[in-house]
Amino acid sequence: MTDDMNCKKATRLLLEAEDRELSVAELDQLDYHLAECLCCQNMKAQFSFLKRALDRYGKVGPPT
Amino acid sequence: MVSCLGGCGWGVSARFASASRSEFWVGPDGFKPPLISQFAARPVARYSRGMNDRAKPASAAASPTPPTFADVESHRDYLIRYARAQLRDAAQAEEVVQEALLAALEGLAGFSGKSALRTWLTAILRFKIIDLQRELTAERAQRLAPKDEIESAEAFFDDLFSVDGHRVTPTEAWQQPDKALEEKAFFAALERCMDRLPATTGRVFFKRDVLGHDTDTICKEENITASNCWVMLHRARLGLRECLNQTWFGGERG
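What you are looking at is a predicted structure, and each value in this text was computed from that prediction instead of being measured.

Thoughts on the overall build of chain A
Within chain A, the secondary structure is distributed over 3 helices and 0 strands. Helices (α) and strands (β) of chain A occur, in sequence order from the N terminus, as α-α-α. Every one of the 64 residues in chain A was classed for burial, and the buried ones make up 27%.

A look at the interface of chain B and chain A
Taken together, the contact pairs 28 residues of chain B with 21 residues of chain A. Listing elements by their share of the side of chain B that touches chain A, those giving two or more residues are α9 (184–195), α10 (199–210) and α12 (226–247) of chain B. The element best represented in the side of chain B that touches chain A is α12(B), accounting for 6 residues. Looking at the side of chain B that touches chain A, its residues break down into 13 nonpolar, 6 polar and 9 charged.

Comments concerning the nonpolar core
The tendency in soluble globular proteins is for nonpolar side chains to be buried as a group. Residues and elements named next belong to chain B. Membership of the largest hydrophobic core comes to 22 residues, with the highest contact counts inside it found for V204, F205, C229, M232, L233 and A236. It is α12 that contributes the most residues to this core, 8 residues altogether. Excluding its chain neighbours within four sequence positions, the residues that come into contact with V204 are I218, E222, C229, M232 and L233. Membership of the second largest hydrophobic core comes to 19 residues, among which are Y82, V96, L108 and W120.

Points about the packing of α10(B) against α12(B)
Residue and element names in this part refer to chain B. Contact geometry for α10 and α12: axes closest at 9 Å, N-to-C directions at 85 degrees. Judged by the angle between their axes, α10 and α12 are roughly perpendicular. Of α12, the residues touching α10 (which contributes T200, T201, G202, V204, F205 and R208) are C229, M232, L233, R235 and A236. Across the contact of α10 with α12, the residue classes tally to 6 nonpolar, 3 polar and 2 charged.

Description of the confidence of the model for chain B
Residues and elements named next belong to chain B. Taken residue by residue, chain B gives an average pLDDT of 75. The fraction at 70 or more is 71%. The low-confidence segment residues 1–62, where pLDDT is below 50, has 60 contacts with residues more than four positions distant or belonging to other chains. Here the predicted complex scores 0.55 on pTM and 0.91 on ipTM.

Side note on the environment of B:D158
Residues and elements named next belong to chain B. Here D158 is to be found in helix α7 (residues 117–159). Owing to 11 C-beta atoms within 10 Å, D158 belongs among the exposed residues under this scheme. Expressed as a C-alpha distance, the spacing of D158 and V168, which sit 10 residues apart in the sequence, is 10.0 Å.

Section: unusual backbone geometry
For residues besides glycine, phi is generally negative; the peptide bonds are generally trans as well. All names here are of chain B. Residues other than glycine seldom take positive phi values, yet R88 does so here, at roughly 55 degrees. For R88, the position within the fold is in the loop between α5 (76–87) and α6 (90–106). Judged by the 9 C-beta atoms lying within 10 Å of it, R88 is exposed.

A word on α10(B)
Residues and elements named next belong to chain B. In this model α10 runs 15 Å from its N-terminal to its C-terminal C-alpha over 12 residues, within 8% of the 16 Å that 1.5 Å per residue would give. Among the residues of α10, T200, T201, V204, F205, R208 and D209 are the ones counted as buried. Buried residues of α10, seen end-on, are gathered within an arc of 130 degrees and therefore sit on one face of the element. Within two residues after α10, G212 carries a phi angle of roughly 75 degrees, on the positive side.

Definitions and cut-offs
Residues numbered from 1 in each chain as written. Chains lettered and ligands numbered in written order. Predicted model: local features only at pLDDT ≥ 70, side-chain atom pairs only at ≥ 80, totals over all residues. Helix = DSSP H or I, 4+ residues; strand = E, 2+ residues; numbered from the N terminus. Buried ≥ 20, exposed ≤ 12 C-beta atoms within 10 Å, placed from the backbone. Contact = placed C-beta atoms within 7 Å. Nonpolar A, V, L, I, M, F, W, Y, C, P; charged D, E, K, R; others polar. Core = buried A, V, L, I, M, F, W, Y, C linked by C-beta atoms within 7 Å. Axes fitted to C-alpha atoms, helices over the stretch in contact; angles between N-to-C directions. Parallel < 35°, antiparallel > 145°, perpendicular 65-115°, else oblique. pLDDT = per-residue confidence, 0-100. Expected span 1.5 Å × (residues − 1). Arc of directions from axis to C-beta.

Given below as C-alpha cells:
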C-alpha cells in the first residue's frame, strides 16, 4: 500500500489537507512517507508557515 | 413631489416611480435651462395629454412641444419586445430597456422631433444592446481563460516532480522562517509573489488563503468547478512556496 506513496502524492495530500479532512488511510500513508522523507517534511513545514504568513497578512497586515 | 426645479436630486427609482403616475411630471433637476423655463412657464397638465407619436409621427417636427415622460414610457412595451428579440433573455431585455429609457430621458433635449419618438428611442436602445452584447462577449472570453490556467497549473505541478514522483530539486529547510514574519520586506516579497500568479488563480487564492472565504462560495463566484478551484489553489500555494524560496529564503540549494 504505502509503496504507492511518493513525494508528488504526498505533496498533493499536504495541499488537499488545507481544504478537506484527509481519510485515516491517507493520513497513515502520508505519515509513513513523511517519517522517511526530509523533503516532504520541509514541504509540510513550509506550507504551514505560508498559512501563518498569509493569515497574518490578511488579518493584521505587514508589520510597519 | 411635483416641483423639483429647486434641485431635489431625483434618484433613478424616484424618477421611474413618478413616471408611472406622471400626470404632473415637470422635469428632473439638471435639465437644460431653456427646457426648464419652458416647463416652468407652462401649465403642467398640458404635457400630460398623449403626445403619442404613434398616432401622429410626422407632426412631431411641426409641434415644438417636447415629449413627456409618459410619452417616452408609452413605448416601453414595444422596446422590451424589440430587446427580447435581440437578446433572447427577458431579464437582460428589461434591464437594457430601463437603461435606454433613462438615457433617453436624460437626453430628451437632444430629441429634435425630426424622427418619430419611437424611432429615436429604438436607436438609443440599439446602442445599449450593442454595448451589452459586447460586455457579454468579453465576459465569455474571460471565462475561457481559466481553462488555460488549469492546464498550466497542472503542468506546473508535474514539472516539480520527476516521472517516479520525486522532487526534481530537493526541498531544503527554510532558516528561521518565523523571523520573516516580523519583517516588512518579507511581506513585500510575498505580495510580489502573489502578483506573479495567473489572474483567476490569484483571485481564488487570495479569497481562500488570505481572506479565508469558503471554497464553495469562491467557486460559484468565479464560475469554476470545485476541482478546478482546488487545482488553482494548489498551483498558487506551490507557486508561492517556490517564489519565496527563490526570492526570500535564498534559493534552492543542494
